[in-house]
Amino acid sequence: MRIEELRSIASRVRKRILRMAARDKSVHAGASLSVTDILVALYFGIGVKMDGKKPTERDWVILSKGHAVPALYAVLAELGLLREEELDTIRDIDGLEGHPDYRTPGVDVSTGSLGQGLSIGAGIAYAMRLDGTEGRNFVYVILGDGELDEGQVWEAATTATHLRLKSLVAIVDVNGFQLDGPTDRIKSKGSLAARWSSIGWHVIEADGHSFRSLLSALEEARSYPGPAVILAYTRRGRGLGLLERTGGQHVDPEYAKQFSE
Amino acid sequence: MSTQSMLSSSRSRLEEIARDTMRNAVGRALVELGEQDRDMVVLTADVARSTRTYMFGERFPERFVNVGISEQDLVDFAAGLALAGKRPWAAAFAMFMMRAWEQIRNTIDRMRLDVKLLATHSGFSDHGDGASHQSLEDIALMRVLHNMVVVVPADSLEAYKAVYTLHLEYRGPAYLRIGRDYSPRVTDPDTPFRLGRANILRDGEDLVIFGCGPLLYNALKAAELLEKEAGLKIAVADVHTVKPLDRETIVRYASKTGLVVTVEEHYPRGGLGGAIAELLAEERPTPMLLIGARGYGHSARSVEDLYERHCLTAECIARRVREFYGKWSRR
Ligand SMILES: Cc1ncc(C[n+]2csc(CCOP(=O)(O)OP(=O)(O)O)c2C)c(N)n1
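Small disclaimer: the values here were computed from a predicted structure and weren't measured.

Caption draft 1: Main features of the overall build of chain A. Along the backbone of chain A there are 11 helices and seven strands. Dimensions of chain A, computed from the C-alpha atoms along their principal axes, are close to 50 × 45 × 35 Å. Burial analysis of chain A (261 residues in total) assigns 58% to the buried set. Long-range pairs, those at least 24 residues apart, make up 77% of the contacts in chain A between residues at least 6 apart in sequence. On chain A, roughly 10,200 Å² of surface is accessible, and the fraction owed to carbon and sulfur atoms is 47%. Side chains of chain A give 32 positive and 35 negative charges; the mean places of these two sets differ by 3 Å.

Caption draft 2: Structural detail: the site of the ligand. Residues and elements named next belong to chain A. Close contacts around the ligand come from 17 residues, with K65, H67, G146, E147 and F177 the closest. H67 is positioned with one of its side-chain polar atoms (N or O) 2.7 Å from an oxygen atom of the ligand. E147 places a polar main-chain atom, nitrogen or oxygen, 2.8 Å from an oxygen atom of the ligand. For the ligand, the cavity whose grid points lie within 2 Å of the majority of its atoms is the largest pocket. For the shell around the ligand, the class distribution of residues is four nonpolar, eight polar and five charged.

Caption draft 3: Structural context of the interface of chain A and chain B. Opposite the 24 residues of chain A that make contact, chain B presents 25 residues. Summed over both partners, the interface of chain A with chain B comes to about 2,000 Å²; 58% of that surface belongs to carbon and sulfur atoms. Here chain A is connected to chain B by one salt bridge. When the shortest N-O distance is used, the salt bridge between K86 of chain B and D131 of chain A registers 2.5 Å. Taken together, the links from chain A to chain B amount to 14 residue pairs in polar contact (both at pLDDT 80 or more).

Caption draft 4: Here's a closer look at empty space enclosed by the protein. Residue and element names in this part refer to chain B. A full pass over the atoms with the stated rule returns two cavities of 30 Å³ or more. When its volume is computed, the largest cavity comes out at roughly 60 Å³. Together, M22, S122, G123, S125, V152, P153, R177, I178, G179, G213, P214 and E265 line the largest cavity. Split into classes, the residues belonging to the lining of the largest cavity amount to five nonpolar, five polar and two charged. For the lining of the largest cavity, the two domains that each supply at least three residues are domain 1 (3-177) and domain 2 (199-326).

Caption draft 5: Structural context of the sheet that holds strand 8 (residues 207-211) of chain B. Residues and elements named next belong to chain B. Strands sit in the order 7-9-8-11-12 across an open sheet of five strands; the sheet is mixed. Unpaired on one side and paired on the other, strand 7 (199-202) and strand 12 (288-291) mark the two borders of the sheet. Across the sheet, the mean angle from the axis of one strand to that of its neighbour is 25°, orientation sign disregarded. Bridge analysis of strand 8 against strand 9 (residues 234-238) gives five bridges, and the strand direction is parallel. In the sheet register, I209 faces strand 9, and the bridge partner there is V236.

Caption draft 6: Broad picture of the nonpolar core. Counting residues in each nonpolar core, the largest one holds 84 residues, and the members touching the most others are L118, L168 and W196 of chain A together with L117 and Y175 of chain B. Split by domain, this core shows at least three residues from each of two domains, domain 1 (3-177) and domain 2 (199-326) of chain B. Among residues more than four places away in sequence, those in contact with L117 of chain B are V75, A90, M97, I104, I108, M148, A174, Y175 and L176 of chain B. Grouped together as the second largest cluster of nonpolar side chains are 60 residues, A41, A74, I90 and V169 of chain A included.

Analysis parameters
Residues numbered from 1 in each chain as written. Chains lettered and ligands numbered in written order. Predicted model: local features only at pLDDT ≥ 70, side-chain atom pairs only at ≥ 80, totals over all residues. Heavy atoms only, no water. Helix = DSSP H or I, 4+ residues; strand = E, 2+ residues; numbered from the N terminus. Buried < 20%, exposed > 50% of the residue type's maximum accessible area, 1.4 Å probe, protein only. Contact = heavy atoms within 4.5 Å. Areas by Shrake-Rupley, 256 points an atom, 1.4 Å probe, with all protein chains shown as cover. Lys, Arg positive; Asp, Glu negative; His and termini not counted. Charge placed at Lys NZ, Arg CZ, Asp CG, Glu CD. Near = heavy atom within 4 Å. Polar contact = N/O pair within 3.5 Å; in protein donor to acceptor, adjacent residues only side chain to side chain. 1 Å grid on protein atoms, 1.4 Å probe; cavity = no way out; pocket = protein on both sides within 12 Å on 5 of 7 lines; lining within 4 Å. Sits in = over half its atoms within 2 Å of the grid points. Nonpolar A, V, L, I, M, F, W, Y, C, P; charged D, E, K, R; others polar. Buried area = accessible area lost by both parts, 1.4 Å probe. Salt bridge = Lys/Arg side-chain N within 4 Å of Asp/Glu carboxyl O. Points joined across faces, edges and corners; volume = space filled by probe spheres on them. Domains from an automatic or database assignment. Pairing = 2+ DSSP bridges. Axes fitted to C-alpha atoms, helices over the stretch in contact; angles between N-to-C directions. Core = buried A, V, L, I, M, F, W, Y, C linked by side-chain atoms within 4.5 Å.

Quick look at the structure:
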């Protein structure tokens, strides 16, 4: 798919995110807008095989930073798995869940509690090895940079390199913010690249808002014979000036409404 | 082949299992099941020797993963395997598996994944290591989970049957709580093991003792003592499945005897005692005595020494039951 087309998909995805932000002020708009281009590159640039005869004969996407689920719903709407009107039901009592739920079509794994996705992904990648699909099918785990504070991420990271899991691709949405503020003000992250590579991960750095950069990073991660992590540098709230300037997470629904059409 | 026919295929083997330690019995069951089920995977967190899962690892190295000292990773790695169609058993000391309670809750239980949690060294069974290793809260933490099945076998033989049954007859999340070695014999090769069905080990009409785990041995002894000393006819039931409870049997025996005692190697708060109290409060309010640990454990040369300290010996249980009987009996 041409870069131009990816851009227009991303712009539709962002509009849908704001449509959801206009419905409910607690929607994590900032985190959803920063991960948008990553998801679009993955689903529409590389392609995600969402079904298979066996669960190891398909690809898996785990949104470990589950609070960015509006971005995933927006992508699923683009794929036709959710209807546009369904997006308005986000956080309604009978509507779409506020965090990924495996009962929603197209959502592979329930998340919401940070720090767990990489372990789950490693388990799936190991099952692919047992079934002989390792390196053919992939598990993509999308994490936040604040989420890396969780100790479990590093338990999983060392398990993955110890087992040399080829099918495991981690993507960190490095937007520089976490819930209470800029990541380095809350807790220093050190050198992310050095942390991952010191335990044996193949580290690829990418511009998380450039499709050229993201696509080549994803291709490289898929062909690397072991676990690979993409550090995708992004901006919280990308596309919405107010959030981009502040790194904020939530927007006033009335404000969001202007941009969702 | 049904679980029952598979289990009864060799009586001599079962007799041998009955004499073995609890963890060995479980380790052997895992290997035997691994021979038939290519989708079975066993995981542990640097306690392969202690949990006896190394036996599976030696036989099926590719279907065995040791994630190192990472219990949270252990639980979620197992979740990933289950999502991908495998049938994982994750083993750790009960105490340290509780570190991953939130992972168990949010990932395994919420998605109702087919993960079997094998929690060893529970209660006072790890007598030497002391309080840091002796889990007295895990039944409470597991039985509060919506989908979790919780099984606490009485002895090695029952633990062995429980592994078979959980693997062959149930798909979903389960917590199997076993001890380390201590396992005085309570059941026979012919004793049935059905999930959610309590076994009446001894019948009686004056009072009923519901128990789980190796303490059932002392409960039976206490019942014998009380029959001899006071002519009391006490029923003892092995409630190996703490969740879901065998409501029918429990309510029936509460009605029949009018007096209920519970015994477990755990705090009665939130444990089997708590579970039965919740049930009877709604279905058949009955005076109850809840017997269990009285505080943290500590190091000791034997499980029996700890039982003595916590008033869990046959004599101590008998004394407490007799007082309770004296206070409430209408006879
Ligand atoms: C285990 C856990 N702790 C706390 C939270 C609350 N929480 C939600 S989003 C968030 C910040 C996440 O920051 P980051 O990973 O950098 O993602 P971003 O929002 O920047 O995309 C926190 C702490 C949570 N969801 N899970």
